[in-house]
Amino acid sequence: DTAVSQTPKYLVTQMGNDKSIKCEQNLGHDTMYWYKQDSKKFLKIMFSYNNKELIINETVPNRFSPKSPDKAHLNLHINSLELGDSAVYFCASSQGGGWTSDNSPLHFGNGTRLTVT
Amino acid sequence: SQKIEQNSEALNIQEGKTATLTCNYTNYSPAYLQWYRQDPGRGPVFLLLIRENEKEKRKERLKVTFDTTLKQSLFHITASQPADSATYLCALGAPAVDSNYQLIWGAGTKLIIKP
């Protein structure tokens, strides 16, 4: 049973297109996240949702829009894709909130490798 | 400036020896630190958590230390095995400017255990 699953695993598209990445967790966690891992391997948080409510919204272009239809799902839609959006995008979940002193570990999906040509 | 650093160069260790990875940070007052393992093409997997008031945590062959004076955490794998080869990431939980908390990630150290 996959705890955090995201689709697709690979996404190759051209500049200017719009694409979506889906994420689902079956752990019953309250909080979900989107992270971007760049070529230097740094993980940078993009968004965090707690019970469908947006909690963290880092400095991310507004071409990126998260949507949480319920607390088990957090999708990421990207408009007008640019070359610099190429990266690996990770969905994650945790029982507690990463914005609090709660130290709940994160559970990650296996990533979506986005390549913009 | 605030930063968190892990050895960017790969660490090569002979099987059976102890592997020691470092995580150094500056200008943070962390409440806790987490270590994760990441295999190629996979997401990070949580290994261990250590809080600011703890000196050491152990889990099977893994040991983590946390020295808030030196601003450093060490991650040890004893009796290392080729299956331990992976990239290991540290993540610092520290207060952010807006009084919330933030999880700041190191870039990871690639560990290679040679048979």
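Every chain's residues receive numbers from 1 upward, in the order its sequence appears when written. In the order they appear in the text, chains get letters beginning with A and ligands get numbers beginning with 1. Side-chain atom pairs in this predicted model are given and counted only at pLDDT of 80 or more, local residue features only at pLDDT of at least 70, and totals for whole chains, interfaces and linings cover all residues. The basis for every side-chain value is the complete set of heavy atoms in the structure, and neither hydrogens nor water enter the calculation.

## Some thoughts on the layout of surface pockets
Consideration 1: Put simply, the second largest pocket is a space of about 580 Å³.
Consideration 2: Only protein atoms enter the calculation, which uses a 1 Å grid: trapped sets of points that fit a 1.4 Å probe without letting it out are cavities, open sets showing protein on both sides within 12 Å along at least five of seven lines are pockets, and any residue with an atom within 4 Å of a point is a lining residue. Looking at the second largest pocket, it is lined by 30 residues, and the ones nearest its centre are A:Gln37, A:Lys41, B:Gln38, B:Pro40 and B:Gly41.
Consideration 3: Under the scheme used here, helices are H or I runs from DSSP no shorter than 4 residues and strands are E runs no shorter than 2 residues, and both carry numbers assigned from the N terminus. Among the secondary structure elements, those contributing two or more residues to the lining of the second largest pocket are β9 (87-94) and β11 (112-116) of chain A together with β9 (86-95) and β11 (109-114) of chain B.
Consideration 4: Among the elements that take part in the lining of the second largest pocket, β11(B) stands out by supplying 4 residues, more than any other. Grid points are joined across faces, edges and corners, and a volume is the space filled by probe spheres set on the points.

## Describing the interface of chain B and chain A
Consideration 1: Should any heavy atoms of two residues lie within 4.5 Å, those residues are considered in contact. Between chain B and chain A, the residue contacts involve 19 residues of the former and 20 residues of the latter.
Consideration 2: Buried area is calculated as the accessible area (1.4 Å probe) missing from two parts once they are joined, with the contributions of both summed. With both sides pooled, the region where chain B packs onto chain A buries about 1600 Å², and carbon together with sulfur makes up 53% of that total.
Consideration 3: Considering only the side of chain B, the residues that lose the most area to chain A are B:Tyr101, B:Trp105 and B:Ala107, jointly responsible for 32% of the buried surface there.
Consideration 4: Salt bridges, as used here, are contacts in which a Lys or Arg side-chain nitrogen is within 4 Å of a carboxyl oxygen on Asp or Glu. Across the contact surface, chain B and chain A share 0 salt bridges.
Consideration 5: Polar contact is defined as a pair of N or O atoms within 3.5 Å, subject to the rule that within protein one atom must be able to donate a hydrogen and the other to accept it, and that residues adjacent in sequence are counted only when both atoms are side-chain atoms. Counting the contacts that link chain B with chain A gives 7 residue pairs in polar contact (both at pLDDT 80 or more).
Consideration 6: For the side of chain B that touches chain A, the secondary structure elements donating two or more residues are β4 (32-38), β5 (45-51) and β10 (101-105) of chain B.
Consideration 7: For the side of chain B that touches chain A, the class distribution of residues is 10 nonpolar, 7 polar and 2 charged. Three classes are used, and their members are as follows: Ala, Val, Leu, Ile, Met, Phe, Trp, Tyr, Cys and Pro are nonpolar, Asp, Glu, Lys and Arg are charged, and the others, Gly among them, are polar.

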